[in-house]
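Coordinates in review
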Amino acid sequence: MPDANFGPYHVRKWFTHVEEVLANETGQLPDGAPIRRIVIAAAVHNPYAGRFSEDLSDIVAKSDELGREFGRRIIEAAAGTPMQSYGKAAVVGVSGEYEHGNAFLTQLFADPVREAVGGGKSWVPSTGKVAAAGTVIDIPLAHKDALYVRSNYDTISIAFGDAPRPDEVVVAFAFASRGRLHARLGGLTADEVRGEDGLR
């Protein structure tokens with residue numbers, strides 16, 4: 001097992017991906033500001049690779065430390081732009097289980113990220129898979145304070161080159177500064193959000 005270099009974890013590399021969407025798929029210029037989408041991710045050694053364990057606390061117990069670093073990195077990458085949507089994902093290397101990825105994505109991990117982006121009230125949409133290095137994953141996005149805001153249902157697709165290695169998990173958190181350009185399916189709008197129950 002590689003030596004720990006971030007709390008109890010061995011992080012081989014960090015990723016920061018930034019997109020700025022200046023027009024929609026048919027070329028329509030923004031109805032307001034462009035969308036800024038950001039993904040922060042880490043390739044983390046999986047202590048359970050190649051074996052079954054009922055107890056996954058080697059991943060879960062200190063995951064708030066990872067969450068705080070993700071929160072720090074999103075604030076740095078956003079450079080003053082408020083984030084309105086979020087989502088999370090895990091890509092588990094082929095020697096691990098899907099459950100190992102989920103162990104990284106619990107509320108303990110997510111709460112410091114919520115705090116960093118302004119105390120998100122809604123649950124964080126998530127996805128994951130077991131896959132080889134370089135596999136594309138689609139990370140779902142939703143409004144951080146109100147799941148009923150249809151305009152903020154979005155997706156960012158991303159791959160991580162040489163990660164995950166078979167004994168790694170890529171843990172990823174995605175963010176967006178606003179909903180889709182020219183969203184026009186009605187419902188609650190972002191400026192109507194009350195942020196009381198995570199839904200409206």
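Just above, that's the structure.
I will try to describe carefully the structure that is included in this document. (Residues numbered from 1 in each chain as written. Predicted model: local features only at pLDDT ≥ 70, side-chain atom pairs only at ≥ 80, totals over all residues. Heavy atoms only, no water.)

What follows concerns the overall build of the protein chain. Scanning the protein chain from N- to C-terminus turns up four helices and seven strands. The globule rule puts the C-alpha radius of gyration for 200 residues at 16 Å, and the 17 Å found for the protein chain is close to it. The principal-axis extent of the C-alpha atoms belonging to the protein chain is close to 50 × 35 × 25 Å. In the protein chain, buried positions account for 46% of the 200 residues. Of the contacts formed within the protein chain by residues at least 6 apart in sequence, a portion of 78% connects residues at least 24 apart. Accessible surface, the protein chain: about 9,400 Å² in total, of which carbon and sulfur atoms supply 49%. Charged side chains of the protein chain number 21 positive and 26 negative; the gap between the two group centres comes to 4 Å. (Helix = DSSP H or I, 4+ residues; strand = E, 2+ residues; numbered from the N terminus. Rg over C-alpha atoms; globule rule 2.2 N^0.38 Å. Buried < 20%, exposed > 50% of the residue type's maximum accessible area, 1.4 Å probe, protein only. Contact = heavy atoms within 4.5 Å. Areas by Shrake-Rupley, 256 points an atom, 1.4 Å probe, with all protein chains shown as cover. Lys, Arg positive; Asp, Glu negative; His and termini not counted. Charge placed at Lys NZ, Arg CZ, Asp CG, Glu CD.)

Bringing the environment of Gly-96 into the picture now. For Gly-96, the location among the structural elements is in the loop between strand S3 (85-92) and helix H3 (98-104). Each C-alpha atom, one on Gly-96 and one on Phe-15, is 21 Å from the other, the two residues being 81 residues apart in sequence. For Gly-96, the residues in contact, after removing those within four places along its chain, are Asn-46, Ala-49, Val-130 and Pro-166.

Cis geometry marks the peptide bond from Ala-163 to Pro-164; its omega dihedral reads 0°. Mapped onto the fold, Pro-164 is located in the loop between strand S6 (154-158) and strand S7 (168-176). Residues other than glycine seldom take positive phi values, yet Ala-79 does so here, at roughly 50°. Positionally, Ala-79 belongs in the loop between helix H2 (63-78) and S3. The exposed category is assigned to Ala-79, whose relative accessible area is 64%. If you check the backbone angles, His-182 has positive phi at about 55° while not being a glycine. Its place among the elements puts His-182 in the segment after S7.

It is worth spelling out helix H4 (residues 107-116) at this point. Burial in H4 covers these residues: Phe-109, Ala-110, Pro-112, Val-113 and Arg-114. Of the surrounding secondary structure, the elements contacted by the buried residues of H4 are H2, S3, H3 and S7. After H4 finishes, the residue Gly-118 shows a positive phi value of roughly 105°.

Turning next to the nonpolar core. In terms of nonpolar packing, the biggest core is built from 31 residues, with Leu-66, Phe-70, Phe-104, Val-171, Phe-173 and Phe-175 touching the most fellow members. Sorting the residues of this core by element identifies strand S2 (35-45), H2, S3, H3, H4 and S7 as the ones contributing at least two each. If you tally residues by element for this core, the top one is H2, at five residues. Excluding anything up to four places from it in sequence, Leu-66 contacts Phe-6, Tyr-9, Val-11, Trp-14, Phe-104 and Phe-109. Residues Ile-137, Leu-141, Ala-163 and Ala-174 belong to the second largest nonpolar core, which totals 21 residues. (Core = buried A, V, L, I, M, F, W, Y, C linked by side-chain atoms within 4.5 Å.)

Between the first and last C-alpha of H2 there are 22 Å, a value that for 16 residues agrees with the 22 Å anticipated at 1.5 Å per step. Taken residue by residue, H2 has Ser-63, Asp-64, Leu-66, Gly-67, Glu-69, Phe-70, Gly-71, Arg-73, Ile-74, Ala-77 and Ala-78 as its buried positions. Packed against the buried residues of H2 are strand S1 (11-21), S2, helix H1 (57-60), H3, H4 and S7. Where H2 ends, the next residue or the one after it, Ala-79, has phi of about 50°, a positive value. (Expected span 1.5 Å × (residues − 1).)

Note on placement: Ala-33 falls in the loop between S1 and S2. Along the chain, Ala-33 and Ala-49 lie 16 residues apart, while their C-alpha atoms are 43 Å from each other.

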